[in-house]
Every structure is written in structure tokens, then in C-alpha cells.
Amino acid sequence: MTSPDPQRHLLSRDAWKRRAALWGGAVAVALVAIVFAKASDAAFRVFQSIIAHSIWWALLVTPAVFALLAWLTSGALKPTRGSGIPQVIAALDVPTPSFRRDNLSLSVSAGKLALTTLSLLGGASVGREGPTVHVGASVMYMFGRWFGFRDPKELSHFLLAGGAAGIAAAFNTPLAGIVFAIEELSGRFEHRFSGTLLTAVIVGGVVSLGLLGNYTYFGNVTATLPLGQAWLAIVLCGVVAGLLGGVFANAVLLTMAGRPRWLGQLRQRHPILLAALCGLALVLLAAAFGAGAFGTGYEQARGLVQGAPSVGHEFGLMKLLANLVSYVAGIPGGLFSPALAVGAGLGHNLAALMPSVDERIFVLLGMCAYLTGVTQAPLTSAVISLELTDSSDMLLPILATVLIARGVSGLVCRVPIYKAMAEQLVKPLQGAHPPPA
């Protein structure tokens, strides 16, 4: 049996059609991600201008927006709830056209963009990166179908590339996009990235770079962690931030499973009232501990990373609670940016235990450790933290920290949060269509 001719494959019509679909889709994903980022930032600035007069204006705005979002997502737009990453994972696991159409249609994508923006207009403590993954996968899936691809396995490659391009464009981190697709979206390494898929992610990153410029999300961090006693910072951040990340993920999964019982009953019978109460809880957190409870937490995290904090030591735990009530509300929005903000706040707290170590190191390690604790994706968390801060000198400490955080998180949250959420989406289908014996 003769092996296929590489040159013939390179020049084949199907190969170029696949490249055109993936590369065109990557450009579209990058453009959508940029528009989404601008719209989200503008929406939150409007909210900030409202509460600048008095934070109590949020008592009118935030619960009302949360209730409206719960009502809007109670029907056909239900797939827009949450971060969107579980929907992409579920679509990879369930390749049926009807399931993918329900979760990845253009109407769902448009709804995801609009409703996540509305979430930030209401001050919700959510991020836009997870929704960008969802929309990126949807756009790339549609490009694949428009170019005539119908094989479910082939379209799975488009989903992976779209999700990766979404992360790459949202954070301006192409390498993190690739690692994220391998580690988090596929969940298994037999999904091999071909050169075409890799270049699709690069194309998305180049478009974002060309339009937004060469920037790092949180700015540059030039600190280093010398060998010796200072490496205790790795253990502290890995254990504490990783454990709290696991606690947060487990709490989210418990609420989604209807526990405690009173919360499950309230969600089932009165979801709009629950969302409004979560909005009220968020406003009370902000009134008690500061307006950092609202929004993605980007500004506060950037200040901590740069060694110029604008928040106190209450910020980390307060932001964790703000993220939790926003997610329990069941509104559209992601976890990435708020998780990085929580981790930065926790690192700021732990830095007080070792004043001889540069505080920025604790902040950086706290970010990657908490994100690992929440997602249980250590490689993705490490690469995102490195690319967001251009801190290549911290490679080994970051890798050591995320490995510790992954182990500690697994003690309190046995199943990674996105995988568990995806399983809940797939479970009704498995009940209706049990697998053959």
C-alpha cells in the first residue's frame, strides 16, 4: 500500500477549500472578538458612569438587568447562559447536527454577544473570554458548513480551531489559544492539530495584533523569583489559591445540581426572582467592600500586577463571592477574567506573609494558581499567565505553582468545572437515546 503523496495533498482542491474555510473563519472570529471586546468595555463604562453619581443607583439597575437576562434566557436563548465553554465541549462530544445547531447557531452566537454585553451593562462580575470561545467555535462551525463540510469529525476540527482562535483574539495570546484547545476543549490529546489548524489560530492572532497593536493584557512584569526560601511563595500560592479555586468550582457545580435544596427549588420555581436576588447580593457586596465587585476586575488586577494596587486586602475574597452570585444567577458571562482578578487579590493577601519577596510575584502566582484551581487546566493557566504579563523569567515558578494548584483543587472538586457542566448538557440526550450495548 503506497503512502499518500504530500505534494498532491498540498495542492488538492479539498485541502485548499479546508484552508480557506479555516483561515477565513479565523479572520471572522478575530473581528467578532474585537467588536465584542469594544462593546463589552463600552457597556461597563456606561454602568460605571451611572454608579459614579451614587453606588445605590445599582440597586435599580443590577437586579433589574439580572432579572431581564434570566427571562430572556428561559426559552430559545437558554444555550447563551454561562460561559459558553461547556456548550463547545458538549458539541465536541455529541456530534449530532441537531445538538450542534441548538448550541452553535448564529442566533445563539448573536444572543451570546448581546446578552453578555448586557450583563456587563448591569455590572455583573463576569468575563467575556468564555463567551468569545463559544462564539468563535460557532462562527468557525458555520464557516465549515458554508464551505460544504458535513462530516462530524471534520467539523469537530473547526470547533476546536474556532474556540482556540477565540481565546487567542480575546487575550491576544495565540499560544494560550492552542494549549487551551488541546487541554480544555478536546480533553484528550488524540485530537492532533494539523498545520492548517495551527495557522488558523495564528491568523486570528495576527488580525487582532494588526488592529489592536502589540500589547500585553496586564502589562509587562519583569520580576524574578530566586531559588531558595523565596520559593515558599510557590507553595503558599499553589495551596491557598488552588484550594479556593477548587472550592469556588465545587460551589458552582453544587448550585447547578440543585444544592442546597432551598436554592434548587428557588431556581426551578422562580428563576427570575433568583436572578434579581443575586443582583441585589452583588450590589450589597459592592456597597460594603467597594465597586470592584462589579465587572471583570481587569482594572483592579492590572493595578495589582503592576505593583500599584487600587484595592485593599478584602478584594480577593470579595471578588470570589461576586463571581459566585453572578454565576448562580444563570446569566450569560464567563469566568476567566474574574478568576484572574480573584487570584491577583489572593496573591496580594499572601504577599503580606513574605514581605521580602516582590509583591508582583505573589500576584502573578496567585492568578495562575486560582485560575488552575477553577478550571483544573494547569497548562492553559500557565501559558495564559505568561503571555498576559510577558513574564518569561517566571516560567519555572509558574509551572510549579499550577501543578500544586491542580492537585489541591482536585481534592475538593473531583471533576473539572467545564467538563462537569458539559456532562450536564449531554445527560438529557443520553437518557433519551441510550448508547447501544
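As a starting point, this report considers the structure included with it. (Residues numbered from 1 in each chain as written. Predicted model: local features only at pLDDT ≥ 70, side-chain atom pairs only at ≥ 80, totals over all residues. Heavy atoms only, no water.)

### Examining empty space enclosed by the protein
Taken as a whole and assessed by the stated rule, the structure comprises one cavity of 30 Å³ or more. One number sums up the size of the largest cavity: a volume of about 40 Å³. In this structure, the largest cavity is lined by Val29, Val32, Ala33, Phe36, Leu113, Thr132, Val135, Gly136 and Val139. At the level of secondary structure, the elements contributing two or more residues to the lining of the largest cavity comprise helix H2 (13–53) and helix H7 (129–146). Partitioning the lining of the largest cavity into residue classes produces seven nonpolar, two polar and no charged. (1 Å grid on protein atoms, 1.4 Å probe; cavity = no way out; pocket = protein on both sides within 12 Å on 5 of 7 lines; lining within 4 Å. Points joined across faces, edges and corners; volume = space filled by probe spheres on them. Helix = DSSP H or I, 4+ residues; strand = E, 2+ residues; numbered from the N terminus. Nonpolar A, V, L, I, M, F, W, Y, C, P; charged D, E, K, R; others polar.)

### Thoughts on the nonpolar core
If you look at the biggest cluster of nonpolar residues, it comprises 103 residues, and the most contacted ones within it are Leu185, Phe294, Tyr370 and Ile417. Counting residues per element, this core draws most heavily on helix H8 (residues 152–171), which supplies nine residues. One finds Ala233, Leu350, Phe362 and Val402 within the second-largest nonpolar core, a separate group that totals 20 residues. (Core = buried A, V, L, I, M, F, W, Y, C linked by side-chain atoms within 4.5 Å. Buried < 20%, exposed > 50% of the residue type's maximum accessible area, 1.4 Å probe, protein only.)

### Some remarks on the side chain of Arg100
Structurally, Arg100 is set in helix H5 (residues 97–104). No salt bridge is formed by the buried Arg100, whose closest oppositely charged neighbour, Asp151, lies at an N-O distance of 8.1 Å. Of the polar contacts made by the side chain of Arg100, one reaches the backbone oxygen of Pro152; its length is 3.3 Å. Discounting chain neighbours no more than four positions away, the residues touching Arg100 are Ala91, Leu92, Val94, Pro95, Ser105, Tyr141, Pro152, Leu155, Ser156 and Leu159. (Lys, Arg positive; Asp, Glu negative; His and termini not counted. Salt bridge = Lys/Arg side-chain N within 4 Å of Asp/Glu carboxyl O. Polar contact = N/O pair within 3.5 Å; in protein donor to acceptor, adjacent residues only side chain to side chain. Contact = heavy atoms within 4.5 Å.)

### Here we look at unusual backbone geometry
The residue after Arg259, namely Pro260, is reached through a cis peptide bond having omega -5°. Mapped onto the secondary structure, Pro260 falls in the loop between helix H11 (232–256) and helix H12 (261–269). The phi torsion at Gln376 lies on the positive side, around 55°, for a residue other than glycine. By relative accessible area, which is 7% here, Gln376 ends up buried.

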